[in-house]
Structures are given as C-alpha cells and as structure tokens.
Amino acid sequence: IRIPMGFYGPSSQLPVKPLSDIDSRYYLCITVSDQPGVLATITSIFAKHDISFASVLQREFSSDQAIPIIFLTHTSREKKLRSALDEIEKRDFITNATRVIRIED
C-alpha cells in the first residue's frame, strides 16, 4: 500500500473529543465510614447529576472499619460524574479517595 506524501499532515487529523464529553459506564469504589444515611446521601447526589446505577454492592464489615461501596453506573457523561464526585468527596464520611474505572463496552 502506498500512502501519499502529506497524508498524515494537519489537514487529515481527527478532532479529539474532550474527556469531559465522553459517555461511558463507570466502576466506582467509594470508601466511607459506617454511618446511617451515607448511602442515601451518595445516591441522592448522583441522582441530582442524572447518574443512575446498574449495580450497587456494600458488604458487611465491623462498624469500626471504613466500608467500600461499589457502584456500576449506567452510561453517563464524564463531566456529570466528576461534578457528582467532587460534591461527594467534600463530605466528612469519605475516608479514602474514590477509585474510578471507565468501562468500555
């Protein structure tokens, strides 16, 4: 295959979509202290940002430990997810930085 001279020049570059505009599903691990109402607070913040969940998992631990809550989201916009996480991570029940993994289907 022969590629013409200048084929990969500036005129043939594809625009890069900003990360904030990407739609994806996400795996989230939010580690919290064991307090009543924490899950309700987190889910209401996500709902305010139009983020819904495919799955939520919280395992039982002794009450003196930090508890990881695992969320799998439905497809949502990265910008909305980051806004929700910024609001959640300001709360005093958060014990560790939230882990976020983008899920590519």
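Our subject is the structure listed above.
Residues numbered from 1 in each chain as written. Predicted model: local features only at pLDDT ≥ 70, side-chain atom pairs only at ≥ 80, totals over all residues. Heavy atoms only, no water.

### With respect to the pairing of strand S3 (residues 66-73)
In terms of strand pairing, strand S1 (residues 23-33) meets S3 through 7 bridges, oriented antiparallel. Bridge pairing links tyrosine 27 to leucine 72 in S3. As defined by bridge partners, strand S2 (residues 53-58) adjoins S3 across 5 bridges and the pair is classed as antiparallel. Across the sheet, the residue bridging to glutamine 58 is isoleucine 69, located in S3. (Pairing = 2+ DSSP bridges. Helix = DSSP H or I, 4+ residues; strand = E, 2+ residues; numbered from the N terminus.)

### Considerations on helix H1 (residues 38-48)
Within the sequence span of H1, burial applies to Val38, Ile42, Ile45 and Phe46. Down the axis of H1, the sector holding all buried residues measures 100°, keeping them to one side. Along its buried surface, H1 packs onto S1, S2, S3 and helix H2 (78-88). Phi for aspartate 50, located one or two positions after H1, is positive at around 60°. (Buried < 20%, exposed > 50% of the residue type's maximum accessible area, 1.4 Å probe, protein only. Arc of directions from axis to C-beta. Contact = heavy atoms within 4.5 Å.)

### Here's the deal with the packing of H1 against H2
For any two helices packed against each other, the geometry is given by the interaxial angle and the distance between the axes. Running from N to C, H1 and H2 point in directions that differ by 145°, and their axes come no closer than 9 Å. Two packed elements cross with a definite hand, and for H1 against H2 that hand is right-handed. Residue-level inspection shows Ile42, Ile45, Phe46 and Lys48 of H1 in contact with H2, the latter providing Leu81, Ala84, Leu85, Glu87 and Ile88. For the contact of H1 with H2, the class distribution of residues is 7 nonpolar, no polar and 2 charged. (Axes fitted to C-alpha atoms, helices over the stretch in contact; angles between N-to-C directions. Left-handed = near helix turned anticlockwise from the far one by under 90°. Nonpolar A, V, L, I, M, F, W, Y, C, P; charged D, E, K, R; others polar.)

### Some words on the pattern of salt bridges
Enumeration according to the criterion identifies 6 salt bridges in this entry. As a salt-bridge pair, arginine 102 and glutamate 78 come within 3.2 Å of each other at their nearest N and O atoms. Residue arginine 102 is found in strand S5 (residues 99-103), and its partner glutamate 78 is found in helix H2; the two are separated by 24 residues along the sequence. Sharing partners across several salt bridges, the network here consists of Glu78, Arg82 and Arg102. (Salt bridge = Lys/Arg side-chain N within 4 Å of Asp/Glu carboxyl O.)

### Overview of H2
For H2, every residue scored as buried is listed here: Glu78, Leu81, Ala84, Leu85 and Ile88. Down the axis of H2, the smallest arc covering the buried residues is 130°, so these residues share one side. On its buried side, H2 packs onto S1, H1, strand S4 (76-77) and S5.

### Some remarks on unusual backbone geometry
Here aspartate 50, not a glycine, exhibits a phi torsion of approximately 60°, which is positive. The residue aspartate 50 is located in the loop between H1 and S2 in this model. Given a relative accessible area of 58%, aspartate 50 falls into the exposed group.

### Section: the packing of aromatic side chains
Per the stated rule, a full pass over the model turns up 3 aromatic pairs. Seen from their ring centres, phenylalanine 46 and phenylalanine 53 are 5.1 Å apart, and the 90° between their planes marks the pair as edge-to-face. You can call phenylalanine 46 buried: its relative accessible area is 0%. For the ring pair phenylalanine 46 and phenylalanine 71, a centre distance of 5.9 Å and an interplane angle of 55° mean the geometry is tilted. Taken as a pair, phenylalanine 46 in helix H1 and phenylalanine 71 in strand S3 lie far apart in primary sequence, 25 residues in all. In this structure, phenylalanine 46 and phenylalanine 71 share a single accessibility class: buried. Among the aromatic residues, ring-to-ring pairing joins Phe46, Phe53 and Phe71 into one connected group. (Phe/Tyr/Trp six-rings, centres within 6.5 Å; stacked < 30°, edge-to-face > 60°.)

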